[in-house]
Protein chains: 2
Amino acid sequence: MNQIRIGIVGYGNLGKGTELAIRQNPDMKLVGVFTRRDPQSVQILTEDAQVYAMADMERMRDAIDVMILCGGSATDLPKQTPEVVKLFNTVDSFDTHAHIPQHFAAVDAAAQASGHVGILSVGWDPGMFSLNRLYGNCILPQGKDYTFWGKGISQGHSDAVRRVEGVADAKQYTVPVQAAIDAVRNGSNPELSTREKHTRECFVVAKEGADKAKIEQTIKAMPNYFDEYDTTVHFISQEELDRDHKAMPHGGFVIRSGQTGGGAKHIVEYALKLESNPEFTSSILVAYARAAYRLHQEGIQGAKTVFDIAPAYLSPKSGEELRATLL
Amino acid sequence: MNQIRIGIVGYGNLGKGTELAIRQNPDMKLVGVFTRRDPQSVQILTEDAQVYAMADMERMRDAIDVMILCGGSATDLPKQTPEVVKLFNTVDSFDTHAHIPQHFAAVDAAAQASGHVGILSVGWDPGMFSLNRLYGNCILPQGKDYTFWGKGISQGHSDAVRRVEGVADAKQYTVPVQAAIDAVRNGSNPELSTREKHTRECFVVAKEGADKAKIEQTIKAMPNYFDEYDTTVHFISQEELDRDHKAMPHGGFVIRSGQTGGGAKHIVEYALKLESNPEFTSSILVAYARAAYRLHQEGIQGAKTVFDIAPAYLSPKSGEELRATLL
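I will try to describe carefully the structure that is included in this document. Source: prediction; values computed, not measured.

We now examine the pattern of salt bridges. Counting across every chain of the model gives 30 salt bridges over all chains. A salt bridge links A:Asp159 to A:Arg162; the nearest nitrogen and oxygen atoms lie 2.7 Å apart. Pair noted here: A:Asp159 and A:Arg162 are both in helix H5 (residues 155-162), with a separation of 3 residues, about one helical turn. Taking relative accessible area as the criterion, A:Asp159 reaches 31% and is therefore assigned partly exposed. Across the pair B:Lys144 and B:Glu191 runs a salt bridge, and its minimum N-O distance is 2.7 Å.

Before going further, it helps to spend a moment on the relation of the copies chain B and chain A. With an RMSD of 0.0 Å, the fit of chain B onto chain A corresponds to turning through 180° and sliding 0.0 Å along the axis. On this basis, the relationship between the two copies can be described by a two-fold rotation axis. Of every C-alpha in chain B, the one belonging to B:Ala310 sits nearest the axis of rotation, 1.9 Å from it. Here 100% of the contact residues of chain B are again contact residues in chain A; the copies associate through an equivalent surface.

What follows covers the sheet that holds strand E5 (residues 89-92) of chain B. Residue and element names in this part refer to chain B. The 7 strands are arranged E3-E2-E1-E4-E5-E6-E14 in an open sheet whose pairing can be described as parallel. If you trace the sheet from one side to the other, it starts and ends with strand E3 (50-53) and strand E14 (302-304), each paired once. Direction aside, the axes of adjacent strands within the sheet are offset by 25° on average. Note that strand E2 (residues 28-35) and E3 share 4 bridges and pair parallel. Bridge pairing links threonine 35 to alanine 53 in E3. Most of the contacts of helix H3 (residues 100-114) go to E14, to which it runs at about 140°, and overall it touches E5, strand E6 (117-119) and E14.

Closest axis-to-axis distance for the helix H4 (residues 128-139) of chain A/helix H4 (residues 128-139) of chain B pair is 13 Å, and the angle between their directions is 170°. By the angle class used here, H4(A) and H4(B) are roughly antiparallel. Along its contact with H4(A), which presents A:Met128, A:Leu131, A:Asn132, A:Tyr135 and A:Ile139, the element H4(B) presents B:Met128, B:Leu131, B:Asn132, B:Tyr135 and B:Ile139. Its residues assigned to classes, the contact of H4(A) with H4(B) comprises 8 nonpolar, 2 polar and no charged.

Our next topic: the side chain of B:Glu279. Examined against the element boundaries, B:Glu279 turns out to sit in helix H10 (residues 277-297). B:Lys16 provides the closest opposite charge to the buried, salt-bridge-free B:Glu279, at an N-O distance of 11 Å. At 3.0 Å, the side chain of B:Glu279 and the backbone nitrogen of A:Gly262 are in polar contact. Sequence-distant contacts of B:Glu279, defined by excluding residues within four places in its chain, comprise A:Thr260, A:Gly261, A:Gly262, A:Gly263, A:Ala264 and B:Leu20.

One finds A:Tyr288 and B:Tyr288 to be the most contacted residues of the largest nonpolar core, which totals 146 residues. In this structure, B:Tyr288 is in contact with A:Tyr135, B:Val91, B:Ile119, B:Val122, B:Leu131, B:Val306, B:Ile309 and B:Leu314, ignoring residues within four places of it in sequence.

We now examine the interface of chain B and chain A. Contacts between the two partners involve 63 residues from chain B, matched on the other side by 63 residues from chain A. Taken together, the connections running from chain B to chain A amount to 0 salt bridges. Between chain B and chain A we count 24 residue pairs in polar contact (both at pLDDT 80 or more) in total. Contributing elements (two or more residues each) for the side of chain B that touches chain A: H3, H4, strand E13 (265-274), H10 and helix H11 (319-325) of chain B. For the side of chain B that touches chain A, a count of residues per class yields 33 nonpolar, 19 polar and 11 charged. Of the pairings in the sheet, the one linking strand E13 (residues 265-274) of chain A to E13(B) comprises 9 bridges and is antiparallel in character. By the bridge assignment for E13(B), A:Ile267 is matched with B:Lys273.

Rules of the game
Residues numbered from 1 in each chain as written. Chains lettered and ligands numbered in written order. Predicted model: local features only at pLDDT ≥ 70, side-chain atom pairs only at ≥ 80, totals over all residues. Heavy atoms only, no water. Salt bridge = Lys/Arg side-chain N within 4 Å of Asp/Glu carboxyl O. Helix = DSSP H or I, 4+ residues; strand = E, 2+ residues; numbered from the N terminus. Buried < 20%, exposed > 50% of the residue type's maximum accessible area, 1.4 Å probe, protein only. Least-squares fit on C-alpha atoms with pLDDT ≥ 70 in both. Contact = heavy atoms within 4.5 Å. Pairing = 2+ DSSP bridges. Axes fitted to C-alpha atoms, helices over the stretch in contact; angles between N-to-C directions. Parallel < 35°, antiparallel > 145°, perpendicular 65-115°, else oblique. Nonpolar A, V, L, I, M, F, W, Y, C, P; charged D, E, K, R; others polar. Lys, Arg positive; Asp, Glu negative; His and termini not counted. Polar contact = N/O pair within 3.5 Å; in protein donor to acceptor, adjacent residues only side chain to side chain. Core = buried A, V, L, I, M, F, W, Y, C linked by side-chain atoms within 4.5 Å.

Okay, structure coming up:
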């Protein structure tokens, strides 16, 4: 079989998850991991793949079909994706919702110029959740959207807590409010405030001698991050944090509650329960890498999102097989 | 605005639902309903649309962009869709899973020859459920699929009960077994027999003097329809049946339970709770009529299923708007 040759840029949680996901898809193979670190210092799992420096990318352009970018959305991807798509088809998980239009424009310009496909903002939100919002809105144009996240660890909020004076380490869980979910599922179309939809739960390791009451106050009053939520703060030891809060579970719900033309009410719900956020996200990236490869084979170019990709492109099966087995 | 001009073939529950759904989509208008009955005898809701005989179709070919076929899968659609797609772009809800490959081949041959687009097997199963099975399989290649239907009325099973000797009228509900759903949601990947997944509940009006015990026995022993299920039979009056069982609710769940490369478990669930099966189904047909129109505008032709349609084609919004609001 002619395997799709994949490269990974960045070898953190998402990059490692991508490597694991490639192994579950026999029509793909990992060729190399590109890192900003010293390549000698990075140990990967795949025996017949290699670790490269970023500067090696150009000379690998004929050896890799799709590059999966596993950096962060704050500073890595806005620079990397438009650069890398000059040389390769790309998939990234850019997730700063407000900046998607400008990221799309930058990737599109570079991809159109180089004749590649750049699929951006792939993952579960943006990604699978977005798809469910779109399908829900198109089927039930008269209705309301609800998105709940969690229970799961928010990296951004955990980082914010760790920056509080006197905090040695911390993890923050976003928790959807069950009563709000129930009200939405019942079709009552409630208006929900930020506070009514989610609560926040922090597990904090305080530095020795730190003022715990002050830490708790500072967290709860933090603008944007916590002030609009009901927040609980638990002080625990570093051992407890490492033992009980090391996993990266997440999940959530997208619900479309609407009414059809004769007045009948309908609830469409998409729910995820994930033991590992990065492993699930990278599995989506890998499925879209297959789509990027195929679109490019068909002569398509430019920036794309999950909205632009026909679902069949994600599957290794032929149209005939799909119709016979999954339709 | 240049509205998409829609025709409806068949004016039963699905045809009526389609008419109602078109009214919720300002970028579309209903031009005409085509019926096998005497057009004079059919009263529709839309004031500026007309009722036509089937034979009028040919002369309307320049007045309609997409024809939505609302007949049944047993005898209507296998004949109608390949005929109608010679003149128009089409959308149908062909739902006999086992015969989809041959229906696809027939529609594709006619659509390729005439240069039209024929989207087939649109609805929620096949349709939205199929999409969720496909996305689930591509993201979690190592896993299991579970589809549950109900609680809702099955037309086929209700018909079967009505054919039993001594039965005046009947409705049959398909009911998913909660314990089975819970086991799947918990990630235990159970092997479930037909009997363990669904029960069947029949509400039966017996003819005067009929042997109720014998009716019940006959129903429960009916091969294919009931013998592999735990079935409950309730005898009620025609008044009760008309009063309490007139609505057409339905719904169900598609669950993908899988494991990513590092061993983490994940549950992806798509759930529908519908007050009116035909109104919801026809709302999906109308969204795909928009896609059929656009694909045809782009010069695409041939048979398509939901697997082949990029989600953005379903929405009246531009790519830019979609990225800014729903991604």
